[in-house]
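Given next are the chains, with one letter for each unit.
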Amino acid sequence: MKKNGKKLKIVIFTGYACNNNCAFCIDSDKRGLPEKSTAELLREVLQAKNKGADILEIIGGEATIRPDFSRVVKAAKKLGIAEVACATNGRVFADMAAAKKIVASGIDSLIFSVHGPGARVHDALTRASGSFSQLKKGLANLKALGFKRINGNTTVVKQNMSALPRLAAFYVRNKIRNVEYIFVDPNYGGAKNNFQVLVPRISKAAPFMRRALEIGLRSGMDQWKARYVPLCHFTGCLEQISEINEKTLFLTEHWAPDFVNTDAIGSRAALGRRKTARCRGCLLYSACEGIWVEYLKNYGDRELKPVKKLKRGPGGLRHRSSDDQT
Ligand code: SF4
């Protein structure tokens, strides 16, 4: 445990190369940047260890397509980093030999990005035909290997929001106990470049996100979360909002090829998102990060609704302010 009881999480970006081509990808304008070399990655793993990282997340682009991926994970585990995780589109795991090699590297957990309940929605968003069926095969291979620590995340856009309840059923069927429904970030990349095509109104997306969380709760999945949302649309499920939880638990650093950010959570709240004059007097003001800056530029702030009273949610959840969380 580190500063103020928070765990230090270091996210190493290997580069931006990817075997998918997601329409909303925040890195879509960075594909041409050079990948980090193996030597650079091994050096960074050592630096992360020396800095006291409790959690190392290795991401891309798509980190698992690199031939040195398992070697880097193995190095981190050998150094004694407690938790090594990777966010992945899951396609590589469709190859049993590749899945075996990665599991044998000692990786602790995998976060599968699933953007639709089936190939039609998922593949349309990844713009990679066959990506959903490979992801499903990857899940089956990992199950066959006895690898259980698989989490999920879904980027919520116009094209998949109404499918979230069916996607929630997919996660339940696959026993994915940690899932994040992430409201798309339009500040950079694909969603910025195609804002009107991809970014839903929060007032339209939130009911589907809440419904997905409810489906999880009914199936005993109490660790599912919504991320990057204005709290006024989630007053009944405030204990399931990632930002409220993470700022009390983690100090997060991002080490990318083109930037280093030693306080990713703080800078997102300070620069990436914004509350407006409409938020004045809101009971959730201090706990809330508002909404994406780029969202406000395009859609304005009419959907933000200052909260005057708090109520209990479907799971019997009650809000605690950022000051009283332990
Ligand atoms: S009104 Fe503003 S401060 Fe209050 S929950 Fe909504 S976005 Fe957050």
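Residues numbered from 1 in each chain as written. Predicted model: local features only at pLDDT ≥ 70, side-chain atom pairs only at ≥ 80, totals over all residues. Heavy atoms only, no water.

**Quick notes on the overall build of the protein chain**
Right, so step 1: Counting its regular elements, the protein chain contains 12 helices and 11 strands.
Right, so step 2: Relative to the 2.2 N^0.38 estimate, which gives 20 Å for 326 residues, the radius of gyration of the protein chain is 19 Å and therefore close to what a compact globule would have.
Right, so step 3: Projected onto its principal axes, the C-alpha positions of the protein chain cover 55 × 45 × 40 Å.
Right, so step 4: Considering only contacts within the protein chain whose residues lie at least 6 apart along the sequence, 73% involve residues at least 24 apart.
Right, so step 5: Counting 55 positive and 29 negative side-chain charges, the protein chain places the centres of these two groups 5 Å from one another. (Helix = DSSP H or I, 4+ residues; strand = E, 2+ residues; numbered from the N terminus. Rg over C-alpha atoms; globule rule 2.2 N^0.38 Å. Contact = heavy atoms within 4.5 Å. Lys, Arg positive; Asp, Glu negative; His and termini not counted. Charge placed at Lys NZ, Arg CZ, Asp CG, Glu CD.)

**So, the packing of aromatic side chains**
Right, so step 1: The tally for this structure, following the rule as stated, stands at 13 aromatic pairs.
Right, so step 2: Summarising the aromatic geometry, the rings of Phe93 and Phe112 are spaced 5.7 Å apart at their centres and angled 40° between planes, so their arrangement reads as tilted. Of the two residues, Phe93 is situated in the loop between β3 (83–88) and α3 (96–104) and Phe112 in strand β4 (residues 109–113); the sequence distance between them amounts to 19 residues.
Right, so step 3: On the basis of relative accessible area, Phe93 is assigned to the buried category, the value being 0%.
Right, so step 4: The class of Phe112 is buried, set by a relative accessible area of 1%.
Right, so step 5: Arranged with centres 4.9 Å apart and planes meeting at 70°, the rings of Phe195 and Tyr299 form a pair that is edge-to-face. Note that Phe195 is positioned in helix α8 (residues 195–198) and Tyr299 in helix α12 (residues 293–299), a separation of 104 residues in sequence. In this structure, Phe195 and Tyr299 share a single accessibility class: buried. (Phe/Tyr/Trp six-rings, centres within 6.5 Å; stacked < 30°, edge-to-face > 60°. Buried < 20%, exposed > 50% of the residue type's maximum accessible area, 1.4 Å probe, protein only.)

**Observations regarding the confidence of the model for the protein chain**
Right, so step 1: Looking at the protein chain as a whole, the pLDDT averages 93, with 94% of positions reaching at least 70.
Right, so step 2: Across residues 313–326 the pLDDT falls below 50, and counting only partners more than four positions away or on other chains, this stretch makes 26 contacts in the model. (pLDDT = per-residue confidence, 0-100.)

**Details of the site of the ligand**
Right, so step 1: Every residue near the ligand is listed here: Pro230, Leu231, Cys232, Lys275, Cys279, Cys282, Tyr285, Cys288, Gly290, Leu304, Lys305 and Pro306.
Right, so step 2: Of the residues contributing to the shell around the ligand, the split by class is 9 nonpolar, 1 polar and 2 charged. (Near = heavy atom within 4 Å. Nonpolar A, V, L, I, M, F, W, Y, C, P; charged D, E, K, R; others polar.)

**Observations concerning the packing of helix α1 (residues 38–51) against helix α2 (residues 69–78)**
Right, so step 1: The interhelical angle for the contact between α1 and α2, taken along N-to-C directions, is 20°, at an axis separation of 9 Å. The orientation of α1 relative to α2 falls into the category roughly parallel. Crossing handedness for the pair α1 and α2: right-handed. The segment α1 lies against α2, with Thr38, Leu41, Leu42 and Val45 engaging Arg71, Val72, Ala75 and Ala76.
Right, so step 2: Residues of the contact of α1 with α2, tallied by class, amount to 6 nonpolar, 1 polar and 1 charged. (Axes fitted to C-alpha atoms, helices over the stretch in contact; angles between N-to-C directions. Parallel < 35°, antiparallel > 145°, perpendicular 65-115°, else oblique. Left-handed = near helix turned anticlockwise from the far one by under 90°.)

**Remarks on helix α4 (residues 119–126)**
Right, so step 1: Within the span of α4, buried status applies to Val121, His122, Asp123, Leu125 and Thr126.
Right, so step 2: Residues of α4 that are buried sit in contact with β4, α5 (131–144) and α8.

**Brief notes about the sheet that holds strand β5 (residues 150–156)**
Right, so step 1: Spatially, 9 strands are ordered β7-β6-β5-β4-β3-β2-β1-β8-β9 in an open sheet, and the strand pairing comes out mixed. This sheet does not close on itself; its edge strands, each paired only once, are β7 (225–227) and β9 (260–261).
Right, so step 2: Of the strand pairs in this sheet, strand β1 (residues 7–13) and strand β8 (residues 250–255) are connected by 6 bridges, and their pairing is parallel. Bridging across to β8, Ile12 finds its partner in Trp255.
Right, so step 3: Where helix α6 (residues 164–173) meets the sheet, it contacts β4, β5 and β6 (179–183), and its direction lies at approximately 170° from that of β5.
Right, so step 4: Relative to the sheet, helix α9 (residues 202–218) contacts β5, β6 and β7, its axis offset from that of β6 by approximately 175°. (Pairing = 2+ DSSP bridges.)

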